[in-house]
Amino acid sequence: MTRRFTATLMVLGLAGLLAFDLTTTPPNPYKAPVVFAFGSGLAASGGFCGALPN
Amino acid sequence: MSAAGTVSARPSGQGLWRAGLLAGALAAVALVALFVGARYGLMLAIGLGFGITLEGLRFGFAGPWRAMILRREPAGVLAQLLAIALVAVVAIPLLSSHPGELSGAQAPIGWAMIGGAFVFGAAMQVVLGCGSGTLVNAGSGNPVGLLALPFFAIGSFAGAYGLVWWTSLGALPVLTLRGGFGLGVTLAGLALVAGLFWLLGKPGTRRLPTRYVVAALLLAALGIGNLLVAGQPWGVVYGLGLWAAKGASAMGADLSGSAFWSAPGSVERLQSSLLTDYTSLTNLGLIAGAFGVATWRSGGLSQPLPRYPARAWIATIIAGLLLGYSSRLAFGCNVGAFFSGISTGSLHGWVWFAAAFAGAFVGIRIRPMVGLEARA
């Protein structure tokens, strides 16, 4: 058995994760922010590992 | 045209496969940009860039720390410090001139944070994969990375679940280096640490190979791009915890008992697509980029899988859980705390580096004991 097997498992796992996500919480492109946060005038609001809950 | 020329002009199977990889990557970015949003498509492209850079140039964080500790070879760590310095030169002034619009990887220094960084440093040496490294390893077919990754995600979810309690054990206010003074102190600190590693390094191993310089330049460019597009620096661990939290939520778990997961921001992200979460997008890109490079390389996926004893696989599961749990307590991994913390002026990044590097000495000793490498 080679790494082709494990890499394929990883890709299948990712595909499963995305399928689950798109089924349960479909994205809405009409609510998308502007391309760049820099210069947008909007506050950064993404989740980050350094942030405590607010 | 000769018969031989006709044959050679045809695209080979490998050429077709490579063309398919490129087309697949472009299509994925275009689909996300079209059906989720242009910013999200760009973040996926940045994540792919991280994965291609790290796997393509065989660069990382855990390996260079091991090389420094075991063989006194400082080049990899010096390249990491170079990349951090390059990001800092752009990020720290921008964070001062655009507060709110851009946010740094700023977090408080505390007991749990220091302990978490120490444990993370140890665990990442056991599996030879840090936050980004585990994703890259999994994408390139490394079975240790593949097994560690889901447990990393579960650990990250669990660590975030109790994060507020852990932080209440004692933490300083967030301490940040800002503006020109902050940049000067950060660069001086990086130069001091680089000088120390250079002095400790074995003569003949101190010079940075070209691929390390290229990797540092590319990582810095992508890190700056991450900040400008997302408004926040490159991170890994939050996204993994979110994947597990969404899974737990779908299976009926009640997350209202967690101050972290029941906070309004967390609830909103649990109810949104992963394709709108910046760290999830760069994580997906890291895995896919590494997979693409491994597939692109001749024989990249044809290596036989290693045979390890059962205790090595058990240790991989435990290390994966610890990587996730400890990195939440530490407010980030090698990416969110070390790379992004220091480069955006957070003092917790420096403390994280010292604690994790100390932990790495322990992890290096554990690795052969659990059968993940031959004993010396």
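Residues numbered from 1 in each chain as written. Chains lettered and ligands numbered in written order. Predicted model: local features only at pLDDT ≥ 70, side-chain atom pairs only at ≥ 80, totals over all residues. Heavy atoms only, no water.

Colleague: Quick rundown of the nonpolar core? Include the residues and the values.
Modeller: General note: in soluble globular proteins, nonpolar side chains tend to be found buried as a group. Trp65, Leu81, Phe197, Trp234, Trp261, Phe338 and Trp352 of chain B are the most contacted members of the largest nonpolar core, which totals 116 residues. Apart from the residues lying within four places of it in its own chain, the contact partners of Trp65 of chain B are Val77, Gln80, Met124, Gln125, Phe338, Trp352, Phe353, Ala356, Phe357 and Ala360 of chain B. (Core = buried A, V, L, I, M, F, W, Y, C linked by side-chain atoms within 4.5 Å. Buried < 20%, exposed > 50% of the residue type's maximum accessible area, 1.4 Å probe, protein only. Contact = heavy atoms within 4.5 Å.)

Colleague: Can you tell me about the environment of Arg307 of chain B, naming the residues and giving the values?
Modeller: If you trace the backbone, Arg307 of chain B turns up in the loop between helix H14 (278–296) and helix H15 (310–329). On a C-alpha basis, the gap between Arg307 of chain B and Thr167 of chain B in space is 40 Å, while along the polypeptide they are 140 residues apart. (Helix = DSSP H or I, 4+ residues; strand = E, 2+ residues; numbered from the N terminus.)

Colleague: Would you mind going over the interface of chain A and chain B in detail, with residue names and values included?
Modeller: Listed by partner, the interface residues are 43 residues for chain A and 73 residues for chain B. Taking both partners together, chain A and chain B bury about 4400 Å²; carbon and sulfur atoms supply 69% of that area. The three residues of chain A that bury the most area against chain B are Arg3, Phe48 and Cys49 of chain A, which together make up 18% of that side's buried surface. Here chain A is connected to chain B by one salt bridge. Lys246 of chain B is the salt-bridge partner of Asp21 of chain A, the closest N and O atoms lying 2.6 Å from each other. Connecting chain A to chain B are 22 residue pairs in polar contact (both at pLDDT 80 or more). (Buried area = accessible area lost by both parts, 1.4 Å probe. Salt bridge = Lys/Arg side-chain N within 4 Å of Asp/Glu carboxyl O. Polar contact = N/O pair within 3.5 Å; in protein donor to acceptor, adjacent residues only side chain to side chain.)

Colleague: Break down the packing of helix H16 (residues 334–343) of chain B against helix H17 (residues 347–369) of chain B for me, with residues and values.
Modeller: Residue and element names in this part refer to chain B. The interhelical angle for the contact between H16 and H17, taken along N-to-C directions, is 125 degrees, at an axis separation of 7 Å. The orientation of H16 relative to H17 falls into the category oblique. Where H16 crosses over H17, the handedness of that crossing is left-handed. Judged by residue contacts, Asn334, Ala337, Phe338, Gly341 and Ile342 of H16 engage His348, Gly349, Trp350, Trp352 and Phe353 from H17. Residues belonging to the contact of H16 with H17 are distributed by class as follows: six nonpolar, four polar and no charged. (Axes fitted to C-alpha atoms, helices over the stretch in contact; angles between N-to-C directions. Parallel < 35°, antiparallel > 145°, perpendicular 65-115°, else oblique. Left-handed = near helix turned anticlockwise from the far one by under 90°. Nonpolar A, V, L, I, M, F, W, Y, C, P; charged D, E, K, R; others polar.)

Colleague: Mind laying out the pattern of salt bridges, listing which residues take part and the relevant values?
Modeller: All names here are of chain B. For the structure on display, the rule yields five salt bridges over all chains. Glu373 serves as the salt-bridge partner of Arg66, at 3.0 Å between the closest nitrogen and oxygen. You can see Arg66 sitting in helix H4 (residues 62–71) and its partner Glu373 sitting in the segment after H17, a full 307 residues away along the chain. Via salt bridges that share partners, Arg66, Arg367 and Glu373 belong to a single interconnected network.

Colleague: An account of helix H11 (residues 210–230) of chain B is requested, with residue identities and associated values reported.
Modeller: Taking 1.5 Å as the rise per residue, H11 of chain B with 21 residues should run 30 Å; its terminal C-alpha atoms sit 30 Å apart, in good agreement. Once H11 of chain B ends, the next one or two residues include Gly231 of chain B, with phi positive near 85 degrees. (Expected span 1.5 Å × (residues − 1).)

Colleague: Can you lay out the packing of aromatic side chains for me, pointing to particular residues and giving the numbers?
Modeller: All names here are of chain B. By the definition in use, this model includes 25 aromatic pairs over all chains. Relative to Phe339, the ring of Trp234 lies with its centre 5.4 Å away and its plane at 80 degrees, an arrangement referred to as edge-to-face. Here Trp234, found in the loop between H11 and helix H12 (237–250), pairs with Phe339, found in helix H16; they are 105 residues apart in sequence, far enough to count as distant. Across the pair, exposure class does not vary: Trp234 and Phe339 are buried alike. Summarising the aromatic geometry, the rings of Phe260 and Trp261 are spaced 4.9 Å apart at their centres and angled 80 degrees between planes, so their arrangement reads as edge-to-face. Of the two residues examined, Phe260 and Trp261, each falls in the buried class. Each member of the aromatic cluster is reached from another via a ring pair, and the members are Phe61, Trp65, Phe120, Phe152, Phe197, Phe338, Trp352, Phe353, Phe357 and Phe361. Above the plane of the ring of Trp198 lies Arg206, whose end atom (NZ or CZ) is 4.3 Å from the centre. (Phe/Tyr/Trp six-rings, centres within 6.5 Å; stacked < 30°, edge-to-face > 60°. Lys NZ or Arg CZ within 6 Å of the ring centre and 35° of its normal.)

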